[in-house]
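# Close look at the chain arrangement
Okay, here's what each chain looks like letter by letter:
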Amino acid sequence: MHTLDIERGMQNLVLADPDIARAYPLLGAPSPRQRDPGFATFFSTIVSQQISTQAARAIMGRVNTLIPEITTSAVLEVDGQALRDAGLSWRKVEYVKGLAEAVHTKVFDAEGLDILNDDEAIAAITQLRGFGRWSAEIYLMFSLKRPDVFPADDLALRVALGRLKGMDDKPTPKQARSMVEHWAPWRSVGSLFLWHYYRGEPL
């Protein structure tokens, strides 16, 4: 999503939610976040799962030395031990090899996600080993630029939502989804704002 989309979304969210209306003037709009669509982003998503951003960046640096261009053929051809030596766990080696095979055999069509609706795209992505709903929703938000996605399994989002709403504890994913239904069709912008709020919660 571009800056203008975010500003438009925030204007609508301010009208829809008094808690956002209260916090928005104190924090301003969140910054855009974008990732390229396609195979390389799916690959890096697997690499970054359950490790720090710094560790993921270091591993991807070694992978890029090993495979200068992250393509399906390059991943299929590279030796699994070489990926393991670059820092991937054997489970992640299995996942990236499976991803490359799924794309190569046309079981999974990353380019074809554009023509699917949100639910269909999430279903297609989560059929891949190593991709849960959260990873699929993040891809829809940042790579496909879908405006109405709320990745409720994200811990920081739920902590921020609980604080924004004055709750004693964070809501469950199910509760969180229900709490932001009235943000539609701008739930992706609302998610960006919650991450923004999480980092700079006003007193």
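Residues numbered from 1 in each chain as written. Predicted model: local features only at pLDDT ≥ 70, side-chain atom pairs only at ≥ 80, totals over all residues. Heavy atoms only, no water.

As a further point, take the overall build of the chain. Counting secondary structure elements, the chain contains twelve helices and zero strands. Reading the secondary structure of the chain in the N-to-C direction produces α-α-α-α-α-α-α-α-α-α-α-α. For a compact globule of 203 residues, the expected C-alpha radius of gyration is about 17 Å, and the chain comes in at 18 Å, within 12% of that figure. Projecting the C-alpha coordinates of the chain onto the three principal axes gives extents of approximately 55 × 35 × 30 Å. (Helix = DSSP H or I, 4+ residues; strand = E, 2+ residues; numbered from the N terminus. Rg over C-alpha atoms; globule rule 2.2 N^0.38 Å.)

Inspection of the entire model under this criterion finds eight salt bridges. Put simply, Asp17 and Lys165 hold a salt bridge, and the shortest N to O gap is 2.6 Å. With Asp17 in the loop between helix 1 (3–16) and helix 2 (18–27) and Lys165 in the loop between helix 10 (155–164) and helix 11 (173–179), this residue pair connects regions lying 148 residues apart in the sequence. Classification of Asp17 by relative accessible area gives buried; the value is 1%. (Salt bridge = Lys/Arg side-chain N within 4 Å of Asp/Glu carboxyl O. Buried < 20%, exposed > 50% of the residue type's maximum accessible area, 1.4 Å probe, protein only.)

Our focus in this paragraph is the environment of Glu77. Examined against the element boundaries, Glu77 turns out to sit in helix 5 (residues 72–77). For Glu77, a relative accessible area of 67% puts it in the exposed group. Placed 38 residues apart in sequence, Glu77 and Ile115 show a C-alpha to C-alpha distance of 30 Å.

Grouped together as the largest cluster of nonpolar side chains are 62 residues, with contacts concentrated most on Phe42, Phe108, Ile125, Phe150 and Trp183. Taken domain by domain, the makeup of this core includes at least three residues from each of domain 1 (3–34 + 148–200) and domain 2 (39–143). Filtering out sequence-adjacent residues up to four positions away, Trp183 remains in contact with Leu13, Asp17, Ile20, Phe150, Leu161, Leu164, Gly190, Ser191 and Leu194. (Core = buried A, V, L, I, M, F, W, Y, C linked by side-chain atoms within 4.5 Å. Domains from an automatic or database assignment. Contact = heavy atoms within 4.5 Å.)

This next bit is on the domain arrangement of the chain. When the domains of the chain are assigned, the result is domain 1 (3–34 + 148–200) and domain 2 (39–143). Spacing between the C-alpha centres of domain 1 and domain 2 amounts to 28 Å. Taken residue by residue, the interface counts 14 residues in domain 1 and eight residues in domain 2. Contact between domain 1 and domain 2 buries roughly 840 Å² in total, counting both sides, with carbon and sulfur atoms accounting for 67%. (Buried area = accessible area lost by both parts, 1.4 Å probe.)

Glancing now at the packing of aromatic side chains. What describes a pair of aromatic rings is the distance from one ring centre to the other and the angle between the planes of the rings. Overall, the coordinates contain eight aromatic pairs when judged by the stated rule. An angle of 85 degrees between the planes, with centres 6.3 Å apart, marks the rings of Phe150 and Trp183 as edge-to-face. Taken together, the positions of Phe150 in the loop between helix 9 (133–142) and helix 10 and Trp183 in the loop between helix 11 and helix 12 (187–199) put the pair 33 residues apart, joining distant regions of the chain. Like Trp183, Phe150 is buried. An aromatic cluster of at least three residues, connected via ring pairs, comprises Phe42, Phe108, Phe131 and Tyr139. (Phe/Tyr/Trp six-rings, centres within 6.5 Å; stacked < 30°, edge-to-face > 60°.)

Before going further, it helps to examine the side chain of His196. Tracing the chain through its elements places His196 in helix 12. One polar contact links the side chain of His196 to the main-chain carbonyl oxygen of Gly28, over a distance of 3.4 Å. For His196, the residues in contact, after removing those within four places along its chain, are Leu27, Gly28, Ala29 and Pro30. (Polar contact = N/O pair within 3.5 Å; in protein donor to acceptor, adjacent residues only side chain to side chain.)

This next bit is on helix 3 (residues 39–48). Counting buried positions along helix 3 gives eight out of ten residues, so the element sits mostly inside the fold. Those residues of helix 3 lying buried are Phe39, Thr41, Phe42, Phe43, Ser44, Thr45, Ile46 and Val47. Of the surrounding secondary structure, the elements contacted by the buried residues of helix 3 are helix 4 (53–66), helix 5, helix 7 (90–104), helix 8 (118–126) and helix 9. In the stretch just after helix 3, Gln50 is the one whose phi turns positive, near 65 degrees.

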